[in-house]
Amino acid sequence: MPAYKRILLKLSGEALMGDDAYGINRATIVRMVREIQEVVQLGCEVAVVIGGGNIFRGVAGGSVGMDRATADYMGMLATVMNSLALADTMRQEGMTARVMSAISIEQVVEPYVRPKALQYLEEGKVVIFAAGTGNPFFTTDTAAALRGAEIGAQIVLKATKVDGVYTADPKKDPEATRYTQISFDEAITKNLQVLDATAFALCRDQKLPIKVFSIFKAGALKRVVMGEDEGTLVHV
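Definitions and limits used
- Residues numbered from 1 in each chain as written.
- Predicted model: local features only at pLDDT ≥ 70, side-chain atom pairs only at ≥ 80, totals over all residues.
- Heavy atoms only, no water.
- Helix = DSSP H or I, 4+ residues; strand = E, 2+ residues; numbered from the N terminus.
- Buried < 20%, exposed > 50% of the residue type's maximum accessible area, 1.4 Å probe, protein only.
- Contact = heavy atoms within 4.5 Å.
- Expected span 1.5 Å × (residues − 1).
- Polar contact = N/O pair within 3.5 Å; in protein donor to acceptor, adjacent residues only side chain to side chain.
- 1 Å grid on protein atoms, 1.4 Å probe; cavity = no way out; pocket = protein on both sides within 12 Å on 5 of 7 lines; lining within 4 Å.
- Points joined across faces, edges and corners; volume = space filled by probe spheres on them.
- Nonpolar A, V, L, I, M, F, W, Y, C, P; charged D, E, K, R; others polar.

Another point: the side chain of Lys 10. You can see Lys 10 is positioned in strand S1 (residues 6-11). Judged by relative accessible area, which is 5%, Lys 10 ranks as buried. Excluding its chain neighbours within four sequence positions, the residues that come into contact with Lys 10 are Val 49, Thr 140, Asp 141, Ala 144, Leu 157, Lys 158 and Ala 159.

Rendered as structure tokens:
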């Protein structure tokens, strides 16, 4: 039995690049979808928030001199592209996914409506939340925390390149060790960058735990959902 009935999975756009310089790597997205499919088959309800950094990153060179709000809206549109790619790959793998966008592009994807999202989850469909929160100045981390709270997810799963939160950067410090669990307050005190500050505060206020794990580690998502020792749990 899975340890969680309903999860919110936060994927970075960069995770879709694989070893490519930008865009979506086909083999990588298929592998990710199969990892998600495994937990859906366990009976877990899955919602996904995906970033857009593989297509456009507001703080990168391309947006120098650009109005921050404009850059953020471009980033939101990039997440819509990623969401469509993810949903289509799921369809090809025999899954049913629905993309719901925080900004209105009704010819392409349906708008985000909370009761409809809850209905889809109860029907066993994967719901992909696109376009972040629909507002500039907020990251997709914040969108993940917000949607996680709205749909009553039991946990936010932050998929990264490292397999948890470490005492120091494991690439720079060979002595760095992984926390199996840590409190919100301790993470703040030690200045561990789990999620961005707004998202982190929202999860803490809503008592919504966060699990940080590596999406590049085969079977890690399933182990997290089964409640095994994988990644780092951040809790109240």
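Once the structure has been displayed, the description carries forward.
With that settled, consider the side chain of Thr 142. By the secondary structure assignment, Thr 142 is in helix H4 (residues 140-150). Filtering out sequence-adjacent residues up to four positions away, Thr 142 remains in contact with Thr 133, Asp 196, Thr 198, Ala 199 and Leu 202.

This part takes up helix H2 (residues 68-92). Helix length check: H2, at 25 residues, gives a terminal C-alpha distance of 37 Å against a target of 36 Å (1.5 Å per residue), a fit within 8%. Its side-chain oxygen 3.3 Å from the backbone nitrogen of Ala 69, Asp 67 forms the N-cap of H2. Of the residues one or two after H2, Gly 94 is the one with positive phi, at around 85°.

It is worth spelling out the layout of surface pockets at this point. Computed from the structure, the largest pocket encloses a volume of approximately 1,200 Å³. Along the wall of the largest pocket there are 46 residues; nearest its centre are Lys 10, Glu 14, Arg 57, Asp 141 and Lys 158. Elements with a minimum of two residues in the lining of the largest pocket: S1, H2, H4 and strand S6 (155-160). Of all the elements, H2 adds the most residues to the lining of the largest pocket, at six residues. Partitioning the lining of the largest pocket into residue classes produces 19 nonpolar, 16 polar and eleven charged.

Structurally, the position occupied by Asp 72 is in helix H2. On a C-alpha basis, the gap between Asp 72 and Thr 139 in space is 8.6 Å, while along the polypeptide they are 67 residues apart. Non-local contacts of Asp 72, meaning those with residues more than four positions away in its chain, are made with Pro 136, Phe 137 and Phe 138. Within the structure, the side chain of Asp 72 is placed 2.6 Å from the backbone nitrogen of Phe 137, a separation counted as a polar contact.

So, to be careful, I would describe these as geometric facts and stop short of saying anything about function.
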